[in-house]
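So you can see what is in the structure, the chains are spelled out below.
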Amino acid sequence: MATVDTAPAKTPALPAQPRPRTPPAGRPPGMAVPPQPAPTTTLIGSVQRAMRLLETVAAHPYGAPAKQLARATGLALPTTYHLLRTLVHEGYLRRDKGLFFLGDAAERLSSSGAREKRRGRLADTLAHWRDSIGAPMYYAMYRDGEIEVLCVADSRESPAAEEWADFRETGHAHAIGQCLLSQLDENARREYLARYPVQALTPYTVRDSDALLRRLARVRRMEPVTERQEYALGTVCAAVPITVGTTAATMAISLPAHQADRLLPAAQRLQTEIGRHLGSLTLSISI
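Not measured: the values here are computed from a predicted model.

What follows concerns the nonpolar core. The biggest cluster of nonpolar side chains holds 25 residues, and the ones touching the most others in it are Leu126, Trp129, Tyr139, Met251, Ile253 and Leu270. Elements that contribute at least two residues to this core include exactly helix H4 (104-133), strand S3 (137-143), strand S4 (146-153), strand S6 (235-244), strand S7 (247-256) and helix H8 (263-281). Membership of the second largest hydrophobic core comes to 23 residues, among which are Tyr142, Ala175, Leu180 and Leu181.

At a minimum axis distance of 11 Å, the contact between helix H6 (residues 186-195) and helix H7 (residues 209-218) shows a crossing angle of 145°. When the axes of H6 and H7 are compared, the crossing they make is right-handed. Only Ser209, Asp210, Leu212, Leu213, Leu216 and Ala217 of H7 make contact with H6, whose side of the interface consists of Glu186, Arg189, Arg190 and Leu193.

Per the counting criterion, the structure on display carries four aromatic pairs. On the numbers, 6.2 Å between centres and 65° between planes, the contact of Tyr142 with Tyr192 is edge-to-face. Of the two residues, Tyr142 is situated in strand S3 and Tyr192 in helix H6; the sequence distance between them amounts to 50 residues. The same class applies to Tyr142 as to Tyr192, namely buried. Each member of the aromatic cluster is reached from another via a ring pair, and the members are Tyr142, Tyr192 and Tyr196. Of note, Arg94 hangs over the ring of Phe101, and the distance from its end group to the ring centre comes to 4.6 Å.

To continue, consider the environment of Ile274. Here Ile274 shows up in helix H8. For Ile274, a relative accessible area of 5% corresponds to the buried category. The spatial distance from the C-alpha of Ile274 to the C-alpha of Val240 is 8.8 Å, given a sequence separation of 34 residues. With sequence-adjacent residues up to four places away left out, Ile274 is seen in contact with Trp129, Val240, Ile242 and Met251.

Even without being a glycine, Lys97 presents a positive backbone phi close to 55°. Summarising the element assignment, Lys97 is placed in the loop between strand S1 (93-96) and strand S2 (99-102). A relative accessible area of 82% means that Lys97 is categorised as exposed. Phi at Asp144 is positive, roughly 55°, even though this residue is not glycine.

The element helix H5 (residues 175-182) is largely enclosed, with a buried count of eight among its eight residues. Buried within H5 are the following residues: Ala175, Ile176, Gly177, Gln178, Cys179, Leu180, Leu181 and Ser182.

Attention now goes to the pattern of salt bridges. A side chain of one charge can pair with a side chain of the opposite charge when the charged atoms of the two come close. Evaluation of the coordinates by the stated rule reveals nine salt bridges. A salt bridge links Arg215 to Glu230; the nearest nitrogen and oxygen atoms lie 3.1 Å apart. Here Arg215 is found in helix H7, whereas its partner Glu230 is found in the loop between strand S5 (225-228) and S6, with 15 residues between them in sequence. Since its relative accessible area comes to 26%, Arg215 is described here as partly exposed. For Glu230, a relative accessible area of 7% translates into the label buried.

So, on to the pairing of S4. Across seven bridges, the pairing between S3 and S4 is antiparallel. Within the sheet, the bridge partner assigned to Ala140 lies in S4 and is Val149.

Turning next to the confidence of the model for the protein. Confidence along the protein averages 84 in pLDDT terms, with 78% of residues attaining 70 or more. pLDDT under 50 marks residues 1-18. Its contacts with residues more than four places away, or in other chains, come to zero contacts. Low pLDDT (under 50) marks residues 22-31, which in the prediction has five contacts with non-local residues, meaning those over four places away or in another chain.

Here we come to the pairing of S2. Where S1 lies against S2, four bridges are found, and the strand directions are antiparallel. What sits directly across from Arg94, in S2, is Phe101.

So, on to H7. Buried residues of H7: Leu212, Leu213 and Leu216, and no others. Buried residues of H7 fall within an arc of 100° about the axis and therefore sit on the same side. Of the exposed residues in H7, those oriented more than 90 degrees away from the buried face are Ala217 and Arg218. N-cap assignment for H7: the residue whose side-chain oxygen lies 3.2 Å from the backbone N of Asp210 is Asp208.

Turning to the environment of Ala173, a few remarks are in order. Structurally, the position occupied by Ala173 is in the loop between S4 and H5. In sequence terms Ala173 and Val198 are 25 residues apart; their C-alpha atoms lie 8.1 Å from each other. When residues no more than four places from it in sequence are discounted, the contact partners of Ala173 are Gln178, Leu201, Thr205, Glu227, Glu230 and Tyr231.

Criteria and thresholds
- Residues numbered from 1 in each chain as written.
- Predicted model: local features only at pLDDT ≥ 70, side-chain atom pairs only at ≥ 80, totals over all residues.
- Heavy atoms only, no water.
- Core = buried A, V, L, I, M, F, W, Y, C linked by side-chain atoms within 4.5 Å.
- Buried < 20%, exposed > 50% of the residue type's maximum accessible area, 1.4 Å probe, protein only.
- Helix = DSSP H or I, 4+ residues; strand = E, 2+ residues; numbered from the N terminus.
- Axes fitted to C-alpha atoms, helices over the stretch in contact; angles between N-to-C directions.
- Left-handed = near helix turned anticlockwise from the far one by under 90°.
- Contact = heavy atoms within 4.5 Å.
- Phe/Tyr/Trp six-rings, centres within 6.5 Å; stacked < 30°, edge-to-face > 60°.
- Lys NZ or Arg CZ within 6 Å of the ring centre and 35° of its normal.
- Salt bridge = Lys/Arg side-chain N within 4 Å of Asp/Glu carboxyl O.
- Pairing = 2+ DSSP bridges.
- pLDDT = per-residue confidence, 0-100.
- Arc of directions from axis to C-beta.
- Polar contact = N/O pair within 3.5 Å; in protein donor to acceptor, adjacent residues only side chain to side chain.

Right, here's the structure in full:
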C-alpha cells in the first residue's frame, strides 16, 4: 500500500538580492555614478629621447659620434641613429665628419631665450628707475630705418603717455624720435623724413622738415632732448641718447605738463643712472 508524505513542502530558496547602495551625499537617489576614467599617460617617449639627445650633444661643444651619444643617453644604437637623422633633417643638429653638433634651429632657440632674459633684466631696471625718479620709463632703438619702442615701465602712479599717433611715424614730434634722429647722419635723417613727413600734431609741433633738421643739428652729443606738448597736449618728454654699438638708442621719461619744471632735473638724473650702470646694461639693452 502506498504511503503519502504529509510533511509540509519546503519553499524553494530565493536568489540573494543585492543590498541597496546609499547614494553619495548630494547625489539624487537613482542617479548612476559616472565611471571614473582610468589614468592615462601623455608623455611621448620619442620626444623625451630626442630631447635627451639634444641635451647630450649640447654638453659636447666639440661634437660627439653617434655611438658615444648612445652610450651617454642609454639609448639603443639603431634608435639613436634614427633620432639623430631626424634632428639633423629638422636643423636642430648638424653632422660634420661623423660628429654631431647643435644646429641652427637649436641655436635660435637658445638665443631667443637669452634675448628674453635680457629683456626681463632691462624691464626690471626701468621699473626701478621709474619708482626712484617718479616717471614712466621708455627704451627705444632706431633699427632697420624704424623707431621701435621696445620696453615701457609705467604704473598707476606714473602712467605712460598714450600713443594716440604711431610713434614710428611721428619721430619729428616726440623726444624719443628726436633723440634717435639726432644720432643719425644727415642722409639717414632725410631718408626717414621722406618716408614719414613732418605733420602738425599739436600747435607746438615743429612746422617743417627744414626746421626740424636745423634743430637736430644743434643737439650736442649725449645731450638730453626735450619736447613740450609737441606730440600730445598736456605731456612733456625728455630722452637721453645711448650708444649700443652702431645702433642709435634712447631711454626717455614723460610727465604731465603741470610738472614740466621736473622734466630736466629728472632727465639729468636718468642720464647719471645710465652712465653709472651702462657697463652692466650694455648686453641687456641689445634686444
